[in-house]
Amino acid sequence: MRHISISLILTAICIFCIQSCKTEICTGVLNTSATYPLSDKSDAGLELKIDVEYIISGPGAAAVRNINSTIICSLFGDQYEGMDIHDAASAYSAETSAEYLSANRPLLEDSLFSSSPAAVLSWSDWTRGTVSGTHGNILSYTVTKYTYTGGAHGMTSETTLNFNTDNGSLIGETELFQAGYEERLSSLLSLHLPEALQEPGDTAMLFTKDIRPNGNFRVSETGITYIYNQYEIGPYVLGAVEVTIPWSELKDLLR
């Protein structure tokens, strides 16, 4: 079985640490990729990539532990809670490759797949995690997952976690906004929705033009950006739609 070794981890950690410690959050990067052939006689295989950022140090050790624990669960699944991120990545790779082999090896003998196994029996599993924004004591971390397990196309999803860097706890809408925020925030999101579309004609593809907060947001010095994934408010071809509201328009909604 071919496996590309993790060879850039230490270099990535040293470079990114220098840049990130300026904001009191020091991060490292884990990069690994591997190809798991379905068999020695087939070109089909699983392409697995993991490119994730994690916290090395911050305002407090407890906050760092809490943030990393939540990040690991979001990246790989709750079953990896409590593991070191490198061990979690290795375990996730092993489990995912075993699932791929178990599901697809029996199909090599099926006449429906034997003529072109590489085209129909190849899977992809890509996991990316990055610090995607900061504002005050809020740190946003975005998990992007791409999976292809056969069919017309793969699926991409983005999920953002927002942390209080003082203690590592998650910050959701109810912690960020005052009670009764929903209607006003919905109006602002709908107002800024056209700005998020690449072409004016894309508006016609939306399932709805009146969008509501979905809890999937990240912060920046500019404002709050809400992410609506494929099929959430529009068809697959529209991709993820990201709607940004400036802080200046949110003053009366924030706690």
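The residue numbering used here restarts from 1 in each chain and proceeds along that chain's sequence as written. Residue-level local features of this predicted model are given only where pLDDT is at least 70; pairs of side-chain atoms are given and counted only at 80 or more, and the full residue set underlies all totals for whole chains, interfaces and linings. The basis for every side-chain value is the complete set of heavy atoms in the structure, and neither hydrogens nor water enter the calculation.

**Q** I keep staring at the overall build of the protein and nothing clicks. Help me out?
**A** Within the protein, the regular secondary structure consists of 7 helices and 8 strands. The buried share among the 255 residues of the protein stands at 45%. Taking the contacts inside the protein whose residues are at least 6 apart along the sequence as the reference set, 58% of them involve residues at least 24 apart. Helix and strand assignments come from DSSP, with helices taken as H or I runs of at least 4 residues and strands as E runs of at least 2, each series counted from the N terminus. The classification of residues rests on relative accessible area computed with a 1.4 Å probe and restricted to protein chains. Under 20% of the type maximum is buried, over 50% is exposed, and intermediate values are partly exposed. Whether two residues are in contact is decided by their heavy atoms: any pair within 4.5 Å suffices.

**Q** Just checking my understanding: could you explain the nonpolar core for this structure?
**A** For soluble globular proteins, the rule of thumb is that nonpolar side chains tend to be buried together. We define the nonpolar core as a collection of buried residues of types Ala, Val, Leu, Ile, Met, Phe, Trp, Tyr and Cys that are connected through side-chain atoms lying within 4.5 Å of one another. By size, the foremost hydrophobic cluster in this structure holds 33 residues, and its most contacted members are Ile50, Leu75, Phe76, Ile85 and Tyr141. Elements supplying a minimum of two residues to this core: β1 (26-37), β2 (45-57), α2 (61-76), α3 (85-104), β4 (138-148) and β5 (155-164).

**Q** What is the right way to read the packing of aromatic side chains from this model?
**A** Stacked, tilted and edge-to-face are the three classes applied to pairs of Phe, Tyr and Trp rings, where Trp contributes its six-membered ring and a pair requires centres within 6.5 Å; stacked means planes under 30 degrees apart, edge-to-face means over 60, and tilted covers the rest. Enumeration according to the criterion identifies 8 aromatic pairs in this entry. When the ring of tyrosine 231 is compared with that of tyrosine 236, the centres are 6.1 Å apart and the planes differ by 35°; the resulting orientation is tilted. You can call tyrosine 236 partly exposed: its relative accessible area is 28%. By the criterion adopted, a ring carries a charge over it if an Arg CZ or a Lys NZ lies within 6 Å of its centre and within 35 degrees of its normal. The ring of tryptophan 126 is capped by lysine 49, whose NZ or CZ atom sits 4.8 Å from the centre of that ring.

**Q** So what exactly am I meant to see when it comes to the confidence of the model for the protein here?
**A** Detailed reading of predicted coordinates is not advised where the pLDDT is low. A score between 0 and 100, pLDDT records how confident the predictor is in each residue. Mean pLDDT for the protein: 89, with 88% of residues reaching 70 or above. Confidence drops under a pLDDT of 50 for residues 1-23, and excluding neighbours within four residues, the segment shows 34 contacts in the predicted structure.

**Q** Please clarify how helix α7 (residues 182-196) should be interpreted in this entry.
**A** Side chains three or four residues apart in an α-helix point the same way, a direct result of the helix having 3.6 residues per turn. The span one expects for a helix is its residue count, reduced by one, times 1.5 Å. A rise of 1.5 Å per residue sets the reference length of α7, with its 15 residues, at 21 Å; its end C-alpha atoms lie 20 Å apart and thus fit the reference within 8%. At every residue, the bend is computed as the angle between two fitted axes, covering the seven residues ending there and the seven beginning there respectively. Along α7, the sharpest kink reaches roughly 25°, centred on serine 190 and followed within four residues by the proline proline 194. Among all positions in α7, only Leu185, Ser186, Leu188, Leu189, Ser190, His192 and Leu193 are buried. For α7, the elements touching its buried residues are β7 (223-228) and β8 (241-246).

**Q** Honestly, the sheet that holds β2 in this entry has me stumped. Any pointers?
**A** Think of a sheet as strands paired side by side through backbone hydrogen bonds, with each pair either parallel or antiparallel. DSSP bridges decide pairing: two strands pair if at least two such bridges lie between them. Within the open sheet, the 5 strands sit side by side as β1-β2-β3-β4-β5. Their pairing is mixed. Two strands close off the open sheet at either side, each with one partner strand: β1 and β5. Ignoring which end each strand starts from, the neighbouring axes of this sheet average 15° apart. Strands in contact with α2 are β2, β3 (123-135), β4 and β5; relative to β2, the strand with the most contacts, it is inclined by about 165°. Here, axes are lines fitted to C-alpha atoms. For helices the fit covers the stretch in contact, and angles between N-to-C directions go from 0 to 180 degrees. Running over the sheet, α3 touches β1, β2, β3 and β4 and is turned about 165° from β2.

**Q** Whenever I open this one, the pattern of salt bridges confuses me. Can you help?
**A** If the charged atoms of two oppositely charged side chains come close together, the side chains can form a pair. A pairing counts as a salt bridge when a side-chain nitrogen of Lys or Arg comes within 4 Å of a carboxyl oxygen of Asp or Glu. Inspection of every chain in the model, using the stated rule, returns 3 salt bridges. The closest approach of N and O atoms between arginine 212 and glutamate 183, which form a salt bridge, is 3.2 Å. Separated by 29 residues along the polypeptide, arginine 212 in the loop between α7 and β6 (217-219) and glutamate 183 in helix α7 bring together distant segments of the chain. By relative accessible area, which is 43% here, arginine 212 ends up partly exposed. A salt bridge links glutamate 242 to arginine 218, with the shortest nitrogen-to-oxygen separation between them at 2.8 Å. Of the two residues, glutamate 242 sits in strand β8 while arginine 218 sits in strand β6, which places them 24 residues apart along the sequence.

**Q** Just to check I follow, could you spell out the environment of glycine 45 for this structure?
**A** Mapped onto the fold, glycine 45 is located in strand β2. For the pair glycine 45 and tryptophan 123, spaced 78 residues apart in the sequence, the C-alpha separation amounts to 6.5 Å. The residues contacting glycine 45, other than those within four sequence positions of it, are Tyr36, Pro37, Leu38, Tyr100, Leu121, Ser122 and Trp123.

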